[in-house]
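One letter stands for each residue in the lines below.
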Amino acid sequence: MSENTTPAGINKNLLILHFTVFIWGFTSILGKLITIEAVQLVWYRVVIAAISLFLYFKFNKNTIKVDRNTLLKLVFTGALVGGHWILFFASIKASTVSVTLVCLSSITLFTAIFEPMINKTRISKLEIIAGIFIIVGILLIFEFETQYTKGIILGLISAMCASLFSIINARQVKKIEAPVIAFYELSGAFVWITTYLFFTHGFGKGMVLQNSDIGYLLILGTICTSLAYVAGVSVMKEFSAFKVALITNLEPVYGIILAFILFGELHKLKPGFWLGAIIILSTIFLYPVAQKQIIKRKTR
């Protein structure tokens, strides 16, 4: 067993992942506080994140050279990253922080389906079952929270994009350092979003920031994006994309607690939301237990 795969190393990465997920939970709060629309918001986010990572490389004198094929892959993956964030913030603005975060839990099912297809491995029945339970939770939320239909649909598509780029990154991080992946993917997101804004005449009044937006965007672009993105990618050296997606489902817990403290959103949500949320969170916590039991039976 190598140094990187010791229990201590894995526990360290697990702590890093949980801390990263907590930061992602705070991201949704910033999305609610920032006044500009989702596309412009994400444009500012990726600009700040890419610049901060570039300065990191310059300060540490690290190389960011990659071959042409890798560069193209990372830049195109950046389209998924940018799309995920745009849809995520659009979902928040069309519904609530809590609804969006729980919809994001569908990443688990998307990953359980897409990861074996992309990596050409056998589909895990347990992962599919876990994903189905999470979808049941989503459907309960959808049924009882029909006034947020648009926000729920946007949140689900956002989760699909997140699942795809997470699987891609889990493969890339085996060959490329996490900060380099983050830099090129965020730069790629900048290119795609800039192109979109240019052709849709989005560089106008919608780009104007309020004073409060500047501070929130700086926090979002540096701590919640460049730092958290690098951390989230780096732990994939030890964990599968599904394991990362499963733990990422704790993001609703952190986000909903923060939303309650800052916005008092709990009174807006009906019983169906909470029933669905309980099913989702129970699945997250029970999955590792079920996985261990299956492994024990196979080794008998």
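As the structure is a prediction and not an experimental result, all values here were calculated from the model.

Q: Looking at this structure, how should I read the overall build of the protein?
A: When helices and strands are tallied, the protein shows 12 helices and 0 strands. When the helices and strands of the protein are placed in sequence order, the string is α-α-α-α-α-α-α-α-α-α-α-α. The C-alpha radius of gyration of the protein comes to 19 Å, within 12% of the 19 Å expected for a compact globule of 300 residues. When each of the 300 residues of the protein is scored for burial, the buried share is 50%. When contacts within the protein are restricted to residue pairs at least 6 apart in sequence, long-range pairs at least 24 apart make up 89% of them.

Q: Help me understand helix α9 (residues 211-234) in this model?
A: Since the α-helix advances by 3.6 residues per turn, residues separated by three or four positions end up pointing in the same direction. If you check α9, its first and last C-alpha atoms are 34 Å apart, about what 24 residues at 1.5 Å a residue would give, namely 34 Å. Along α9, the sharpest kink reaches roughly 35°, centred on A228.

Q: Please explain the pattern of salt bridges as it appears in this structure.
A: A side chain with one charge can pair with a side chain of the opposite charge if their charged atoms come near. Summed over all chains, the structure comprises 1 salt bridge. The shortest N-O distance in the salt bridge between K237 and E177 comes to 3.7 Å. Pair noted here: K237 is in the loop between α9 and α10 (241-248) and E177 is in the loop between α7 (149-172) and α8 (178-199), with a separation of 60 residues, a long-range link. The partly exposed category is assigned to K237, whose relative accessible area is 41%.

Q: It is not clear to me how the packing of α8 against α9 should be interpreted in this structure. Could you clarify?
A: Helix packing geometry: the angle between the two helix axes and the distance between the axes. The N-to-C vectors of α8 and α9 enclose an angle of 125°; their axes lie 8 Å apart at closest approach. Classified by the interaxial angle, the pair formed by α8 and α9 is oblique. The hand of the α8/α9 crossing is right-handed. Note on element contacts: α9 touches α8 through T225, Y229, V230, V233 and S234, opposite A178, P179, I181, A182, E185 and L186. Its residues assigned to classes, the contact of α8 with α9 comprises 8 nonpolar, 2 polar and 1 charged.

What counts as what
- Residues numbered from 1 in each chain as written.
- Predicted model: local features only at pLDDT ≥ 70, side-chain atom pairs only at ≥ 80, totals over all residues.
- Heavy atoms only, no water.
- Helix = DSSP H or I, 4+ residues; strand = E, 2+ residues; numbered from the N terminus.
- Rg over C-alpha atoms; globule rule 2.2 N^0.38 Å.
- Buried < 20%, exposed > 50% of the residue type's maximum accessible area, 1.4 Å probe, protein only.
- Contact = heavy atoms within 4.5 Å.
- Expected span 1.5 Å × (residues − 1).
- Bend = angle between axes of the 7 residues up to and from the residue.
- Salt bridge = Lys/Arg side-chain N within 4 Å of Asp/Glu carboxyl O.
- Axes fitted to C-alpha atoms, helices over the stretch in contact; angles between N-to-C directions.
- Parallel < 35°, antiparallel > 145°, perpendicular 65-115°, else oblique.
- Left-handed = near helix turned anticlockwise from the far one by under 90°.
- Nonpolar A, V, L, I, M, F, W, Y, C, P; charged D, E, K, R; others polar.

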